[in-house]
Amino acid sequence: MTQQNKSSLKKFILKLIDNNSGQVNSTTRKKLCALKEKIEDNRNCNGNKKSSPSYPNLYNVSSTSETAFQRAIYKSKYSILDFKDNRAGKKIKWLDLELPITLTEKSRRPCVDLIGKIKNIPIICELKFYKKKSNSDKPLYALIEVLAYYYFILCNYDRLDKFNIHHKNTQSFKWEDIVKPDIILLMIAANKSYWNYWLKVRRDSDKTKQLIKNILSSSKKLGIDIKLFSTPEVDFDLQKGSSKYYAPKITPGKSKSWSLIKLD
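About the criteria used
Residues numbered from 1 in each chain as written. Predicted model: local features only at pLDDT ≥ 70, side-chain atom pairs only at ≥ 80, totals over all residues. Heavy atoms only, no water. Disulfide = S-S within 2.5 Å. Helix = DSSP H or I, 4+ residues; strand = E, 2+ residues; numbered from the N terminus. Buried < 20%, exposed > 50% of the residue type's maximum accessible area, 1.4 Å probe, protein only. Pairing = 2+ DSSP bridges. Axes fitted to C-alpha atoms, helices over the stretch in contact; angles between N-to-C directions. Contact = heavy atoms within 4.5 Å. Core = buried A, V, L, I, M, F, W, Y, C linked by side-chain atoms within 4.5 Å. Parallel < 35°, antiparallel > 145°, perpendicular 65-115°, else oblique. Left-handed = near helix turned anticlockwise from the far one by under 90°. Nonpolar A, V, L, I, M, F, W, Y, C, P; charged D, E, K, R; others polar. Salt bridge = Lys/Arg side-chain N within 4 Å of Asp/Glu carboxyl O. Patch = residues over 30% accessible without salt bridge, like charges linked within 9 Å, V, L, I, M, F, W, Y side chains within 5 Å. Areas by Shrake-Rupley, 256 points an atom, 1.4 Å probe, with all protein chains shown as cover. Lys, Arg positive; Asp, Glu negative; His and termini not counted. Charge placed at Lys NZ, Arg CZ, Asp CG, Glu CD.

(A) Just the state of the cysteines, in detail. Counted under the stated rule, the structure contains one disulfide. Cys-45 shares a disulfide with Cys-155; S-S distance 2.5 Å. A torsion of 60 degrees about the S-S bond marks the disulfide between Cys-45 and Cys-155 as right-handed. Note that Cys-45 is positioned in helix H3 (residues 43-46) and Cys-155 in helix H5 (residues 139-162), a separation of 110 residues in sequence. The closest cysteine sulfur to the non-disulfide-bonded Cys-33 is located on Cys-45, 19 Å from its own sulfur. When its relative accessible area of 37% is taken as the criterion, Cys-33 is described as partly exposed.

(B) Main features of the sheet that holds strand S7 (residues 257-260). Sheet architecture is closed into a barrel: seven strands sit in the order S1-S2-S3-S4-S5-S6-S7, paired in mixed fashion. Going across the sheet, the axis of each strand differs from the next one's by a mean of 40 degrees, ignoring polarity. Pairing analysis gives five bridges linking strand S3 (residues 111-118) to strand S4 (residues 121-128), with the strands arranged antiparallel. The residue of S4 that forms the bridge with Leu-114 is Cys-125. Each of strand S2 (90-100), S3, S4, strand S5 (185-191) and strand S6 (225-231) is contacted by H5, which is oriented at about 135 degrees to S4, the strand it contacts most.

(C) Layout of the environment of Asn-48. Here Asn-48 is to be found in the loop between H3 and helix H4 (66-75). Looking at Asn-48, the relative accessible area reads 46%, which means it is partly exposed. A sequence separation of 55 residues divides Asn-48 from Leu-103, and the C-alpha atoms of the two residues are 5.3 Å apart. Those residues in contact with Asn-48 that sit more than four places away from it in its chain are Leu-103, Arg-159, Lys-162 and Phe-163.

(D) Structural detail: the nonpolar core. Counting residues in hydrophobic clusters, the biggest one holds 57 residues, and the most contacted among them are Leu-9, Ile-39, Ile-115, Ile-124, Leu-147, Trp-175 and Leu-186. Of the residues forming this core, the biggest block, 16 residues, is contributed by H5. Apart from residues lying up to four places away in sequence, Trp-175 is in contact with Leu-99, Ile-101, Ile-115, Ile-153, Tyr-157, Leu-160, Asp-161, Ile-165 and His-166. Of all hydrophobic cores here, the second largest spans 27 residues; its members include Phe-69, Leu-114, Leu-185 and Val-234.

(E) Up close: the packing of helix H2 (residues 26-40) against H5. It is at 11 Å that the axes of H2 and H5 come closest, and there the two elements cross at 10 degrees. What the angle tells us is that H2 and H5 run roughly parallel. As for how H2 packs across H5, the hand of that crossing is left-handed. Taken together, the residues of H5 that come into contact with H2 (itself represented by Thr-28, Lys-31, Leu-32, Leu-35, Lys-38 and Ile-39) are Tyr-141, Ile-144, Glu-145, Ala-148, Tyr-151 and Phe-152. In terms of residue class, the contact of H2 with H5 is made up of eight nonpolar, one polar and three charged.

(F) Inspection of the pattern of salt bridges at higher detail. This model, assessed by the stated rule, comprises 12 salt bridges. For Asp-137, the salt bridge goes to Lys-128, with nearest N and O atoms at 2.8 Å. Across the pair, exposure class does not vary: Asp-137 and Lys-128 are buried alike. With a shortest N-O distance of 3.4 Å, Asp-158 and Arg-159 are connected by a salt bridge. On the basis of relative accessibility, which here comes to 43%, the residue Asp-158 falls in the partly exposed class. Linked by salt bridges that have partners in common, Lys-31, Lys-128, Asp-137 and Glu-145 make up one network.

(G) View of a positive patch on the surface. Judged by side-chain charge, Lys-84, Lys-192, Lys-200 and Lys-262 come together as a positively charged surface patch. Note on placement: Lys-192 falls in helix H7 (residues 192-201).

(H) Quick peek at the environment of Ile-224. For Ile-224, the location among the structural elements is in the loop between helix H8 (205-221) and S6. Classification of Ile-224 as buried rests on a relative accessible area of 1%. C-alpha of Ile-224 to C-alpha of Tyr-150: the two residues are 74 residues apart in sequence and 9.7 Å apart in space.

(I) Spotlight on the pairing of S2. Pairing geometry for strand S1 (residues 78-82) and S2, over four bridges, is antiparallel. Considered in S2, the bridge of Ser-79 is made with Ile-92. Here S2 runs beside S3; their pairing, made up of six bridges, is antiparallel. Paired with Leu-97 across the bridge in S3 is Leu-114.

Printed below as a string of structure tokens:
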């Protein structure tokens, strides 16, 4: 992506935030405003602070929601994408998880949930997880978030490679390969309950669907393909039981198969 297109992406993301901040609840508005501040803060695109991710915590997890979901997917090593069009499923190999994508002095930096690849096509995947009596981000926020994270990678890929920003004992990849034109796929993956809640149960589900369609269409004009996938349900509360810490997991078989969300 050229410098000019990178600038267009930044303007696009900021416009999405400005146009939608007044139509969401206070929690989502606050998160969108915080994301806008990060995008407008030039330190997030010209920082030069080295970081050294250690070994990822995969086996002593306390979460039973999104963090557990992330760890379990990564530990499963791969997922199969079902595009529902009679094509054979495409296999994503998971390379790393929760990697910082800015290089500022701040201890807490924006982190991408999962990095993977299908053959030589890099995948940036953001995860969302819904269960009763817990909060989950709106699809609007998830879409803006994954676009923002791609923007940060565009800004910082050379220094992410320079400082070898990867966790120990994970699959190596070049950040530079992620920003090559025409071979990037951004994904939002969430459990079936998440999509059912936001696209069927809520009274504003039709409005949400139309908003998603508009964002996906506008993103394509910038050369960015975003896909939405539904994953099978996993009961992490059951896995954890009464333990303080546990090792969340995805069971083999159909649980590895993700279905494309179609909004038509």
